[in-house]
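The residues making up each chain are set out below.
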Amino acid sequence: MSAQDAAKLSFTIDGKEVKAEPGQTILQAAALAGIYIPHLCAMKGLSPWGSCRVCTVLVNGKPQAACTMPVAEGMIVENDTAELKDLRSSIVEMLFVEGNHFCMFCEKSGNCELQAMGYRLGMLQPRHDYMFPTRQVDASHPDVMLDHNRCILCARCIRASKELDGKNVFQFIHRGAHKRIGVDAAGGAGGTNLAVTDKAAEACPVGCIVKKRVGFAVPIGQRLYDTKPIGSHIEAGRAAKE
Amino acid sequence: MTDNASVSRQVCGNFGNDKGRLMDILIGVQAQAGCIAPEALDEIAKSLSMNRVEVESAATFYAFFSDKMRGRFVIRLCNDVIDQLQGADRVAAAFRAELGIEFGQTTADGLFSLAYTPCIGMSDQAPAVLINDRVVTKVSTDMVREIVQTLRTGKSLEHLKLTLGDGNNSHPLVRAMVNNNLRERGAVVFAPYTPGVALQRALSEQPVEIIKIIKASRLRGRGGAGFPTGMKWEFTRAAPGERKFVVCNADEGEPGTFKDRVILTEAPGLVFEGMTIAGYAVGASEGIVYLRGEYAYLLAYLEDVLAKRRAAGLLGRDILGKAGFKFDIRIQLGAGAYVCGEETALLSSCEGKAGNPKTRPPFPAQKGYLDMPTVINNVETHCAAARIVENGPSWFASMGTKASSGTKVFSVSGDCAQPGVYEIPFGITVQELLARVGATDTIAVQVGGASGRMIGPSEFGRQFCFDQLATGGSVMVFGKGRDPLAIAHGFMDFFVEESCGYCTPCRVGTRLLRERLGRFLEGRAEAADLDYLEKTSKVVKNASRCGLGQTAPNPILSTLQSFRSEYERCIKKNGTVFLPSFDPGKAVAVAAGIAGRASEHFGTKKGGVKA
Amino acid sequence: MANKPKVATCSLAGCFGCHMSLLDIDDRILKLVELVEFDRSPINDIKRIEGRCAIGIIEGGCCTEDNVHVLEHFREHCDVLVSTGDCATMGGIPALRNTIPLRECLEEAYLKGPSVYNPSGRLPGDPEIPLMLDKVYPCHEVVKIDYHLPGCPPSADAIWETLVALLSGKPLSLPYGLIKYD
Ligand SMILES: Cc1cc2nc3c(=O)[nH]c(=O)nc-3n(C[C@H](O)[C@H](O)[C@H](O)COP(=O)(O)O)c2cc1C
Ligand code: SF4
Ligand code: SF4
Ligand code: SF4
Ligand code: SF4
Ligand code: FES
């Protein structure tokens, strides 16, 4: 056992032993061990947030968000169970019915993490009724468009702008059912200092923040999730090791 | 008003352009300018050197702020379940008729705005309204007419002739039409109080000894969650931090809870004394009382009590002559958000932000206000802590039950002869309490507010205590003729309104649950909807990020358990292949109206369905 | 085969793209007609279901009173209903109108739109034209639907796999790559 291994703590996910550094979240430790825990609001390089709740796991029998829960020695994590799959699916389906997701003409289709999560979880049809809310499209920026119909309030744009771009372009405004992404100007994103090269313009998991004039470039069949489920790259890591 | 910008500049200046005081700044601008307009956002952002969207984030979160001009008198009618049962609808109709506007609107003369608001902590004197920061209780339709006429001609709240309430409600700094309805005083909270006695005793001990005393008393938090107070203090003491804080949670937003209001009215000194002792025990020198905006009428009075304590050497430096021990308290007003009672959302709000809960862990004891170790306790918990130090842990532990020591202050409302506040040792059964409050023919009791449970008569033999029926104080009594499903629906309205919207299951799930429950009330439900309610409730309960979402399905889960036959009774017997939730006649009604003819297949006559 | 199971299909508020996709199963269509008999379908232009059907394939969402009527008819006469395509499963493109009040939609289409020529200045009210519903409903919000096949349109392979599974009584489980929402 190397000195580095000795510094690590150990816990289990679905009975499999996982080594982790103190301070890591369950999600981070799992990913390094080649175990995929479905997640949407968590993104490598951004601080944990815990809003989508798709990463819900059981820690010693209690539901917790894997993306915000720090690892601890000996904790017993359940991830790949039928009940959790159903819970995650129900949550993903909530996101579908809450917004207006018309995948058939969405620039993000094929590369969208929400859609891919639906595919991975085998969603054919949300169990919840559609809400068809009235939402706005903000096309005021010359290079970037915001289609709030597709926003899942994951705050990746908020964090990317703050933590990676050193700006503060996005923030939640309003609350509850009316909560939405606000921008740092009265008249829409066009009035902010958002640049098309910002990391925030790339952080959106869905088709809410999209760059103008570059949509539909990749042909169907070659898009990110056309043939391989989301999470495959993490699981491939484990396959390579084993 | 066009001076939104200059008002904003001036208010920011009053608070030293400190962005940590954004809440107070927004409250000030709203009060002085009548709204927080887009120019105000620009101006505040400039004055505080922060991003406009950050200001907008806070300004759009709280119900008491508005971007549109509100009337000089903002009338907020409490539409809590209890108020609804006691005639809030009639009062609403009277206001509508008298003012000629709908709720959510402002009169053309700019004098009045009408709004609904969730429980304002007056369920024992419902229906109640807030007019700006004045409370009017037991409102009748006659009173509505009088109020509107007085304000219309007098144009000042001072002209309102309100009968002042009992006790300190008549204090010159309170002058409120609120009654304490304090029916039973116990040995802990409402016993006679002499300022400084408990504190003197505390200061004669080492801080760690105080924590030991609290632990020995087995005191558990009175705010609802029931966490052992001594442990919380110990964690905070042990956590490293340059500054530490003691917070008193006086948000009291749980529907049907009003005991903290009465404690703050009659025993504020005891609350502050408890906070000061906590500060001594954990090594904090700053305290914050988070007072819900609905209780702003108590602000001047509470500030005065604090000033008197400073003058008496009970706050400030070298308290009671103890060299080096300093502690002071500021009051942070809220602005209409139930979620801000959740301890981490409360901290966000104190920091001047939108009241979104924070990620836990870390817990406030490690990283609380301004990321510093923070103790947060309920108003009543602070009182109990002070008394425990004063009279000893075994005195306290001798009251109540083994796992739930001491007394509990209950807020009883609803269908009973003597609604009000009762301080009673833990362990009293529902049946006994119902007898004391003069409740007969009770069909259901909601224990612990909207987030608690609705129980039926089969459970009335159970005790109020942490391991049986836990409550932060709210006990709502429902008599014969009340509809458990309609009540549960009212609570779901509350959660939908009050969800902060941060996480998916609570933001979306509460709406889905409310809609599905509504189908039962409207006779559009099918048997499968029971299963949907159960499963979706569990998702919301298990996956939500904070206590609000984790308890939001309780009205449904507990009525499914206690009143299942009510649900089953509502299931539609269907004679068609259409889902009971789909009404073809209704779906074509709009188009039939536009086309001026009935449907070919689903005959509609003015929206009705041809059989 | 004397007692071939019957299949009926319909297009409600849809574009016939899903029917095209069905025909896209290419030579497997020969196998299909061996397996089943087509009852009411736009493919053979039969208007009412003539006998009990094993499977009803629904394309399109519920947009008008007529759609509701057809769906009712299908539910009454089919053992199993399959919502085929995004229009049927979630409203699809026609449901774009769901965020706009019906009157506004009609006024834009018949009175105010930039390319409208309507000297009568009236909204059409002819009884021949079915009344619109207040919104476009996914089919499963109107009647019970047994299977859902999303996609715009679902691929021929997805439709084929579904039909084969249903006809052979095997559980339907589409491989990754056949579930698509676009
Ligand atoms: C949505 C929500 C609202 C709450 N509201 C209050 C409240 O108004 N007052 C209160 O003391 N605790 C409230 N709590 C509980 C607090 O989070 C916290 O547990 C409590 O203030 C701790 O104090 P205690 O240990 O003295 O009870 C609320 C919790 C949640 C989840
Ligand atoms: S954002 Fe994703 S799920 Fe939404 S419409 Fe676009 S591709 Fe579909
Ligand atoms: S805009 Fe995109 S990144 Fe931002 S919150 Fe919405 S979905 Fe997330
Ligand atoms: S459960 Fe989620 S949405 Fe609900 S109040 Fe808590 S953080 Fe906000
Ligand atoms: S789902 Fe797509 S292909 Fe099928 S009917 Fe609708 S629009 Fe046409
Ligand atoms: S990934 Fe954990 S809550 Fe979103």
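Basis of the calculations
Residues numbered from 1 in each chain as written. Chains lettered and ligands numbered in written order. Predicted model: local features only at pLDDT ≥ 70, side-chain atom pairs only at ≥ 80, totals over all residues. Heavy atoms only, no water. Helix = DSSP H or I, 4+ residues; strand = E, 2+ residues; numbered from the N terminus. Buried < 20%, exposed > 50% of the residue type's maximum accessible area, 1.4 Å probe, protein only. Near = heavy atom within 4 Å. Nonpolar A, V, L, I, M, F, W, Y, C, P; charged D, E, K, R; others polar. Expected span 1.5 Å × (residues − 1). Arc of directions from axis to C-beta. Axes fitted to C-alpha atoms, helices over the stretch in contact; angles between N-to-C directions. Parallel < 35°, antiparallel > 145°, perpendicular 65-115°, else oblique. Left-handed = near helix turned anticlockwise from the far one by under 90°. Contact = heavy atoms within 4.5 Å. Salt bridge = Lys/Arg side-chain N within 4 Å of Asp/Glu carboxyl O. Domains from an automatic or database assignment. Buried area = accessible area lost by both parts, 1.4 Å probe. Polar contact = N/O pair within 3.5 Å; in protein donor to acceptor, adjacent residues only side chain to side chain. Phe/Tyr/Trp six-rings, centres within 6.5 Å; stacked < 30°, edge-to-face > 60°. Lys NZ or Arg CZ within 6 Å of the ring centre and 35° of its normal.

A. Just unusual backbone geometry, in detail. With an omega of -10 degrees, the peptide bond running from B:Ala126 to B:Pro127 counts as cis. Here B:Pro127 shows up in the loop between strand 2 (112-117) and strand 3 (129-131). Backbone geometry at A:Asp14 places phi at a positive 50 degrees, although glycine is not the residue there. Here A:Asp14 is to be found in the loop between strand 1 (9-13) and strand 2 (16-20). Overall, A:Asp14 belongs to the partly exposed group, its relative accessible area being 36%. One non-glycine residue, A:Asn60, lies in the positive phi region at around 50 degrees. With respect to the helices, strands and loops of the structure, A:Asn60 is situated in the loop between strand 3 (56-59) and strand 4 (62-65).

B. Here's a closer look at the site of ligand 5. Residues and elements named next belong to chain C. Every residue close to ligand 5 is listed here: Gly14, Cys15, Gly17, Cys18, Glu59, Gly85, Asp86, Cys87, Gly151, Cys152 and Pro153. If you list the elements that add at least two residues to the shell around ligand 5, you get helix 1 (17-23) and helix 4 (86-90). In terms of residue class, the shell around ligand 5 is built from five nonpolar, four polar and two charged.

C. Representation of helix 13 (residues 299-311) of chain B in the model. Residues and elements named next belong to chain B. Between its first and last C-alpha atoms helix 13 spans 18 Å; for 13 residues at 1.5 Å apiece the expected length is 18 Å, and the two agree. The set of residues buried in helix 13 consists of Tyr301, Leu302, Val305, Leu306 and Arg309. In an axial view of helix 13, the angular spread of the buried residues amounts to 140 degrees, which keeps them on one side of the axis. Opposite the buried face of helix 13, by more than 90 degrees, sit the exposed residues Lys308 and Ala311.

D. Quick look at the environment of B:Gly13. Residues and elements named next belong to chain B. Along the chain, the position of glycine 13 falls in helix 1 (residues 4-14). Given a relative accessible area of 39%, glycine 13 falls into the partly exposed group. Spatially, the C-alpha atoms of glycine 13 and arginine 482 are 53 Å apart, while their sequence positions differ by 469 residues.

E. Summary view of the site of ligand 2. If you check the shell around ligand 2, you find A:Phe96, A:His101, A:Phe102, A:Cys103, A:Cys106, A:Ser109, A:Cys112, A:Leu114, A:Gln115, A:Arg150, A:Val206 and A:Gly207 and nothing else. Looking at the shell around ligand 2 residue by residue, the class counts come to seven nonpolar, four polar and one charged.

F. Seen up close, the packing of helix 19 (residues 504-521) of chain B against helix 20 (residues 528-543) of chain B. Residues and elements named next belong to chain B. Helix 20 packs onto helix 19 with a crossing angle of 160 degrees between their chain directions and a minimal axis gap of 10 Å. Considered as vectors, helix 19 and helix 20 are oriented roughly antiparallel to each other. Between helix 19 and helix 20 the crossing geometry is left-handed. Between helix 19 and helix 20, the contacting residues are Pro505, Cys506, Gly509, Leu512, Leu513, Arg516, Leu517, Arg519 and Phe520 on the first element and Asp529, Leu530, Tyr532, Leu533, Thr536, Ser537, Val539, Val540 and Ala543 on the second.

G. Region of interest: the pattern of salt bridges. The tally for this structure, following the rule as stated, stands at 67 salt bridges over all chains. For B:Lys68, the salt bridge goes to B:Asp67, with nearest N and O atoms at 3.6 Å. With a relative accessible area of 58%, B:Lys68 lands in the exposed category. We note a salt bridge from B:Arg261 to B:Asp124, for which the minimum N-O separation is 3.2 Å. Remark: B:Asp124 occurs in the loop between strand 2 and strand 3 and B:Arg261 occurs in helix 11 (residues 259-266); sequence separation between them is 137 residues. There is no split in this pair, since B:Arg261 and B:Asp124 are both buried. Through salt bridges with shared partners, a single network forms among A:Asp129, B:Glu515, B:Arg516, B:Arg519, B:Glu522, B:Arg524 and B:Asp529.

H. Geometry of the domain arrangement of chain A. Residue and element names in this part refer to chain A. Along its sequence, chain A is carved into domain 1 (3-80) and domain 2 (102-211). Each partner contributes residues to the interface: domain 1 has 14 residues there, and domain 2 has 15 residues. Buried area between domain 1 and domain 2, summed over both chains or domains, comes out near 1,200 Å², and the portion from carbon and sulfur atoms is 67%. Summed over the three residues of domain 1 that lose the most area to domain 2, namely Leu40, Leu46 and Trp49, the buried surface amounts to 49% of that side. Inspection of the domain 1/domain 2 interface yields zero salt bridges. Residue composition of the side of domain 1 that touches domain 2, by class: ten nonpolar, four polar and no charged.

I. How the structure looks around the domain arrangement of chain B. Residue and element names in this part refer to chain B. Examined at the domain level, chain B breaks down into domain 1 (4-58), domain 2 (73-162), domain 3 (183-397), domain 4 (407-482), domain 5 (485-570) and domain 6 (581-611). Here the C-alpha centre of domain 5 lies 34 Å away from the C-alpha centre of domain 3. Each partner contributes residues to the interface: domain 3 has eleven residues there, and domain 5 has eight residues. When domain 3 packs against domain 5, the two sides together hide about 830 Å² of surface, and 67% of this comes from carbon and sulfur. Across the domain 3-domain 5 interface, the total number found is zero salt bridges. A breakdown of the residues in the side of domain 3 that touches domain 5 according to their chemical character gives five nonpolar, four polar and two charged.

J. Expanded view of the interface of chain C and chain A. Taken together, the contact between chain C and chain A spans 24 residues of the former and 30 residues of the latter. Summing the contributions of chain C and of chain A, the shared interface buries around 2,200 Å²; its carbon and sulfur component is 65%. It is C:Met90, C:Tyr176 and C:Tyr181 that lose the most area in chain C upon contact with chain A, and together they represent 36% of the buried surface on that side. Counting the contacts that link chain C with chain A gives one salt bridge. One salt bridge connects C:Asp182 with A:Arg223, and the closest N-O pair in it is separated by 2.9 Å. For the interface between chain C and chain A, the tally reads twelve residue pairs in polar contact (both at pLDDT 80 or more). Contributing elements (two or more residues each) for the side of chain C that touches chain A: helix 4 and strand 6 (132-137) of chain C.

K. Region of the structure containing the packing of aromatic side chains. According to the stated counting rule, one finds 25 aromatic pairs over all chains in the structure shown. Aromatic side chains B:Phe245 and B:Tyr369 sit 4.8 Å apart centroid to centroid with 90 degrees between the ring planes, which places their arrangement in the edge-to-face category. Pair noted here: B:Phe245 is in strand 6 (residues 245-250) and B:Tyr369 is in the loop between helix 14 (343-350) and strand 9 (374-378), with a separation of 124 residues, a long-range link. In terms of burial, B:Phe245 and B:Tyr369 fall into one category: buried. A centroid spacing of 5.2 Å and a plane angle of 45 degrees characterise the contact between B:Phe426 and B:Phe466, whose relative ring orientation is tilted. In this pair, B:Phe426 is assigned in the loop between strand 11 (420-425) and helix 17 (430-436) and B:Phe466 in the loop between strand 13 (453-455) and strand 14 (474-479), connecting sequence segments 40 residues apart. Residue class for B:Phe426 comes out buried when judged on its relative accessible area of 5%. The rings of A:Phe96, A:Tyr119, C:Tyr176 and C:Tyr181 are connected pair by pair, giving a single aromatic cluster. Positioned above the aromatic ring of B:Tyr532 is the side chain of B:Arg516, whose terminal nitrogen or guanidinium carbon lies 3.7 Å from the ring centre. Sitting over the face of the ring of B:Tyr502, B:Arg545 holds its NZ or CZ atom 3.8 Å from the ring centroid.

L. Structural view of the interface of chain B and chain A. Counting residues at the interface gives 39 residues for chain B and 40 residues for chain A. Between chain B and chain A the total buried area reaches about 3,300 Å² when both faces are included, carbon and sulfur atoms providing 55% of it. Broken down residue by residue, the surface that chain B buries against chain A is led by B:Val53, B:Tyr502 and B:Arg507, which jointly contribute 18%. Our count for the contact surface shared by chain B and chain A stands at five salt bridges. B:Arg511 is the partner of A:Glu98 in a salt bridge, and the nearest nitrogen-oxygen pair spans 3.1 Å. The interface formed by chain B and chain A holds 23 residue pairs in polar contact (both at pLDDT 80 or more) in total.

M. Representation of helix 6 (residues 156-168) of chain C in the model. All names here are of chain C. End to end, helix 6 covers 18 Å across 13 residues, agreeing with the expected 18 Å (1.5 Å per residue, within 8%). Regarding helix 6, the residues found buried are Ala156, Ala158, Ile159, Trp160, Thr162, Leu163, Ala165 and Leu166. Looking at the buried positions of helix 6, the neighbouring elements they touch are helix 1, helix 2 (28-35), strand 3 (53-59), strand 5 (78-84) and strand 7 (147-149). Looking one or two residues beyond helix 6, the residue adopting positive phi is glycine 169, at roughly 70 degrees.

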